[in-house]
Amino acid sequence: MSGNHSFKGKLTSFAIVCVIATTTLACGCSNKIKRAELLCDEGMQRLNENCLDEARAKFQEALKCSPRCLPAYVGIGEIELRSQRFAEAKDAFDQALKFDSRFIAARRGRGEAYLGLKEYQAALDDLNVALEVDPNQTALLSHRVYAYVNLGRLDEALEDSNKCVANSPTDPAYYVNRGLLRQKRGEFDQALADLTQAISLEEYNPMNYALRGKVYESSGNWDAALEDYNKALSIDSTCYSAYRNRGNYFMGLGRWDDAVIDLSRAIELNPNDARVYFERASAYRQLGDKEKEQADLKEVERLDPTYLTGAEQ
């Protein structure tokens, strides 16, 4: 009996040690998870302050504490989105979705990354999942508009764009987006109404005038178009879009020298847009300056090798 009692005593002692060890391990894991959550909160604060390097360090430290810390992956993905590193952003959101395929923040973020990668159907799939949770989330609807437009599904794009305006009737951006969509649909009067509403809400934004000028031009109202381009540049003499649009406007009138002046100014402001070099090359061709035309076409090929093929088609 005493031997059995001794054996039971040893078992009891061993059981107590196991409970203590398990509790200690659980507490340790719990502490690491809490530490990871705290680091994520700090990382999000740095992200909101646009301190991207500091935010990244916090999120990476959180993942060392808890490799399943989904908000940390999302935070890193957001940093990559802001830095326009879309492939890296997608990878970060993928990591979160491996642990939880319905994690909405990761679905939304990956949808945005796919938009940046021009993988529009994949973007649409993710955005649809995110919108199942909150069908009226305006930012998500706006992203889905962009996906629909690039998939050629303009009716569905307009439906979502209408929802964005209804949800945020004082936000000029949604009127601008719907106006551009209506322009694409050939609905110039409605497009002008939307862009005019955007201007009434944000009178001193030169982009609104530059964009409305393009709609006026598309509808054949050349005088109103020029007035809007000039208005944009009177507000901001460094408005790239106004110079580019006015340069194309001059090309439409056969005013090639004026076109070269404006397109050259646009290139000074944004030297990485292949489209403007192509447009200026066209103006140089009309002026008979083959050397400058070829120099611009070489820049187009350097910046975007696929652009010339698309332009020819």
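1. Brief notes about helix 15 (residues 274–287)
The end-to-end C-alpha separation of helix 15 is 20 Å, in line with the 20 Å expected for 14 residues at 1.5 Å each. Among the residues making up helix 15, those that are buried are Ala274, Val276, Tyr277, Glu279, Arg280, Ala281, Ser282, Ala283 and Tyr284. Phi turns positive one or two residues past the end of helix 15, at Gly288, with a value near 80 degrees.

2. A word on the packing of aromatic side chains
Summed over the entire model, instances satisfying the criterion amount to six aromatic pairs. Geometrically, the ring pair formed by Tyr120 and Tyr146 is edge-to-face, given 6.0 Å between the ring centres and 80 degrees between the ring planes. With a gap of 26 residues between them, Tyr120 in helix 6 (residues 120–133) and Tyr146 in helix 7 (residues 138–150) connect regions that are remote in the sequence. Within the aromatic cluster, the residues linked to one another by ring pairs are Trp222, Tyr229, Tyr249 and Phe250.

3. Let's talk about the layout of surface pockets
When its volume is computed, the largest pocket comes out at roughly 900 Å³. Lining the largest pocket are 20 residues, and of these Tyr146, Asn177, Leu180, Leu181 and Leu211 sit closest to its centre. At the level of elements, helix 7, helix 9 (172–184), helix 11 (206–218) and helix 13 (240–252) are the ones that each hand at least two residues to the lining of the largest pocket. Ranked by residues supplied to the lining of the largest pocket, first place goes to helix 7 with six residues. Classifying every residue of the lining of the largest pocket by side-chain character gives eight nonpolar, eight polar and four charged.

4. A short note on helix 7
With 13 residues, helix 7 extends 19 Å between its outermost C-alpha atoms, agreeing within 8% with the 18 Å of an ideal straight helix rising 1.5 Å per residue. Within helix 7, the full set of buried residues consists of Thr138, Leu140, Leu141, Ser142, Arg144, Val145, Ala147 and Tyr148. Against helix 5 (104–116), helix 6, helix 8 (154–167) and helix 9 lie the buried residues of helix 7. The backbone nitrogen of Ala139 has a side-chain oxygen 3.1 Å away, supplied by the residue at the start of helix 7, namely Gln137. Backbone geometry just downstream of helix 7 places Gly152 in the positive-phi region, at approximately 75 degrees.

5. Topic: the packing of helix 13 against helix 15
Put simply, helix 13 and helix 15 touch, their axes get as near as 11 Å, and they point 30 degrees apart. In this view, helix 13 runs roughly parallel relative to helix 15, as classed from their interaxial angle. In this structure, the crossing between helix 13 and helix 15 has a hand that is left-handed. Touching Tyr240, Arg244, Asn248 and Met251 of helix 13 are Arg275, Val276, Glu279, Ser282 and Ala283, all from helix 15. Considered class by class, the residues forming the contact of helix 13 with helix 15 number four nonpolar, two polar and three charged.

6. Focus on the environment of Asp53
Along the chain, Asp53 turns up in helix 2 (residues 52–65). Sequence separation of Asp53 and Ile79 is 26 residues, and the distance between their C-alpha atoms is 8.7 Å.

7. Looking at the side chain of Asp160
Mapped onto the fold, Asp160 is located in helix 8. Residue class for Asp160 comes out buried when judged on its relative accessible area of 2%.

8. Regarding the nonpolar core
Core analysis: the largest hydrophobic core is formed by 46 residues, its most contacted members being Ala242 and Val276. Setting aside anything within four residues of it in sequence, one finds Val276 in contact with Tyr240, Arg244, Leu263, Ala266 and Ile267. In terms of nonpolar packing, the next biggest core, distinct from the first, is built from 24 residues, Phe59, Leu63, Cys69 and Val74 among them.

9. So, the pattern of salt bridges
Where side chains of opposite charge bring their charged atoms close, a pairing between them can arise. Within the structure shown, the criterion is met by 28 salt bridges. Between Asp228 and Arg212 there is a salt bridge, with the nearest N and O atoms lying 2.7 Å from each other. Highlighted residues: Asp228 in helix 12 (residues 222–235) and Arg212 in helix 11, separated in sequence by 16 residues. Comparing Asp228 with Arg212 shows no difference in burial state: the two are buried. Salt bridges linked by common partners bring Lys90, Asp94, Arg107, Arg110 and Asp126 together as one network.

Thresholds, definitions, all that
Residues numbered from 1 in each chain as written. Predicted model: local features only at pLDDT ≥ 70, side-chain atom pairs only at ≥ 80, totals over all residues. Heavy atoms only, no water. Helix = DSSP H or I, 4+ residues; strand = E, 2+ residues; numbered from the N terminus. Expected span 1.5 Å × (residues − 1). Buried < 20%, exposed > 50% of the residue type's maximum accessible area, 1.4 Å probe, protein only. Phe/Tyr/Trp six-rings, centres within 6.5 Å; stacked < 30°, edge-to-face > 60°. 1 Å grid on protein atoms, 1.4 Å probe; cavity = no way out; pocket = protein on both sides within 12 Å on 5 of 7 lines; lining within 4 Å. Points joined across faces, edges and corners; volume = space filled by probe spheres on them. Nonpolar A, V, L, I, M, F, W, Y, C, P; charged D, E, K, R; others polar. Contact = heavy atoms within 4.5 Å. Polar contact = N/O pair within 3.5 Å; in protein donor to acceptor, adjacent residues only side chain to side chain. Axes fitted to C-alpha atoms, helices over the stretch in contact; angles between N-to-C directions. Parallel < 35°, antiparallel > 145°, perpendicular 65-115°, else oblique. Left-handed = near helix turned anticlockwise from the far one by under 90°. Core = buried A, V, L, I, M, F, W, Y, C linked by side-chain atoms within 4.5 Å. Salt bridge = Lys/Arg side-chain N within 4 Å of Asp/Glu carboxyl O.

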